[in-house]
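# Coordinates in review
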Amino acid sequence: MTKNIKHNVIEEVVFNTENFVASVSKSKRKKFGQFFTSLSVARFMAGMFDIDVHKPEMQLLDAGAGTGILCIALIDRIFELGYAGKVHLTCYETDPTVLPILKKNLLLVHETYGISFKIIEDNYIASQYFGVNSLLDTDSNQYDYIIGNPPYLKISKNAVEAKLMSDVCHGAPNLYFLFWAMGIYNLKTGQDLVYIIPRSWTSGAYFKRFREYLFANAVITDIHLFESRDKVFGGESVLQETVIVKIKKKTDEPDMINITTSSDSEFRDVRSFKVPYQTVVPKNHYVYLITDEKGANVVERINNLPKTLPDIQLKMQTGLIVDFRTRDILRDNMEEGAFPLLYSQHIKDGRVVWPLGRGGEVIKTNHAAYLQENSDLLLVKRFTSKEEKRRLQCGIYLKQRYSQYKYISTQNKVNFVKCDSPCVTYGLYVLLNSSLYDAYYRILNGSTQVNSTEINQIPIPSKEVIEEMGRELMQQDLTEDNCNKIVERWIR
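In this report, the structure presented in the accompanying data block is examined.

Rules used throughout
Residues numbered from 1 in each chain as written. Predicted model: local features only at pLDDT ≥ 70, side-chain atom pairs only at ≥ 80, totals over all residues. Heavy atoms only, no water. Axes fitted to C-alpha atoms, helices over the stretch in contact; angles between N-to-C directions. Helix = DSSP H or I, 4+ residues; strand = E, 2+ residues; numbered from the N terminus. Parallel < 35°, antiparallel > 145°, perpendicular 65-115°, else oblique. Left-handed = near helix turned anticlockwise from the far one by under 90°. Contact = heavy atoms within 4.5 Å. Phe/Tyr/Trp six-rings, centres within 6.5 Å; stacked < 30°, edge-to-face > 60°. Buried < 20%, exposed > 50% of the residue type's maximum accessible area, 1.4 Å probe, protein only. Lys NZ or Arg CZ within 6 Å of the ring centre and 35° of its normal. Pairing = 2+ DSSP bridges.

### Thoughts on the packing of helix α7 (residues 175-186) against helix α8 (residues 208-217)
Relative orientation of the contacting elements α7 and α8 amounts to 20°, with a least axis distance of 10 Å. In this view, α7 runs roughly parallel relative to α8, as classed from their interaxial angle. Between α7 and α8 lies a crossing of left-handed hand. Residues F177, W180, A181, I184 and Y185 of α7 pack against F210, Y213, L214 and N217 of α8.

Structure, rendered in structure tokens:
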């Protein structure tokens, strides 16, 4: 087997894949959650495995094989390392349009390398049992190496996959993390799985059960991040930030996680950084995607703090009013029996400024669920654009400025914290308006939406310290620079 023959195999597989992608519309591929992997990504992922060339035989799995480019890149690497044993490949694929290309590519690899393979034309998840205690269930641990680009597709909470894997999900899940959980279940103890996936699993309540399962059975050893989300699946308009993750099925944590970054999926400028495992995966089982010493310092400083908002009897909540569903109770001008309705547009230079003279900023209703007691509030915008400098954009609302109103309301594009004093309101503003907390939130969550559940989990100082920080800011302008100076004095 010459290197030239190997090279020709990969070239032919890529040629077949590119022809298939060009022949099938994006809308049709989207129905299957298909985003095909490039050769450069496939080779990078294959290079992440710890290949034991002394094994007499290897069992490989690609659970959403597509045209087979990922598993073929892995096989190519295995034999390039001088492996002389037997390789058995299992691929799952259900799309009838791609199956002929997959079969053609795998026959080519069989003829070149002498591997055995089987293609299972069945639902990867629904066709097998999923057990939560997989380390105790040796019958399920079939594969030495698992590689994949799982389907990115939201399914109904009543879908068969969601019901079969209810232990790791709730609500309407996405297939990608169900594939990942089943992959962990199928992996032999001590062996490797490498997936390219969205980063949404790293935080939030939605993925909590999955993360608990992941970290009960495996550890993360490597993460690769792309600086440009637009250049991973070329021309596919992928909005989610994408990461490559390698896990090893064992429970003893490594000292460090290797994090690499590149500007795009050509990997011409890969940079590597080692981070303590507990910094990336602390006890709350969120995953912090840190890329440098500065980011590690941000996470370590905040994660060492003693409290959270619920610990000090405060809680961030989402605004009450979905305005397009409650048009009948909205008013353009104040009238008897009406109350202020606060929008994100009312946040101006750190304060809540109401009214602005815009339509619909007054609410008239007796419905208790639409009203909240007029209180000191910290408002935070729920949505920002990726171009904006800050993700956390806050405004202070003090009830004494609007003391004529018993109630107010909040539109649901803002989050709010009901505070029990102006000092606390100013103190929380200091935290969330600082560069430190904005950087922390960007590391925690790659989206442009500010999630109240995540904010409630972020470590903060004690209430006494927050009040002292607030008292300092009361005498100053509400600038990010002033907040930073106060934070530097109180959070080391």
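### Here we look at the packing of aromatic side chains
All chains considered together, the criterion is met by 24 aromatic pairs. Ring centres of F177 and F210 lie 5.6 Å apart, and the angle between their planes is 55°; on these two criteria the pair is classed as tilted. With F177 in helix α7 and F210 in helix α8, the pair connects residues that are 33 residues apart, well separated along the chain. When its relative accessible area of 1% is taken as the criterion, F177 is described as buried. Just above the ring of Y343 sits the side chain of R358; from NZ or CZ to the centre is 4.1 Å.

### Thoughts on the sheet that holds strand β19 (residues 407-410)
Reading across from one edge, β11-β15-β12-β19-β16 is the order of the five strands in this open sheet, with mixed pairing throughout. Pairing within the sheet leaves two strands with one partner each, and these edge strands are β11 (330-331) and β16 (372-373). Pairing geometry for β11 and strand β15 (residues 362-363), over two bridges, is antiparallel. Each residue of the ladder has a partner; that of R331, found in β15, is V362.

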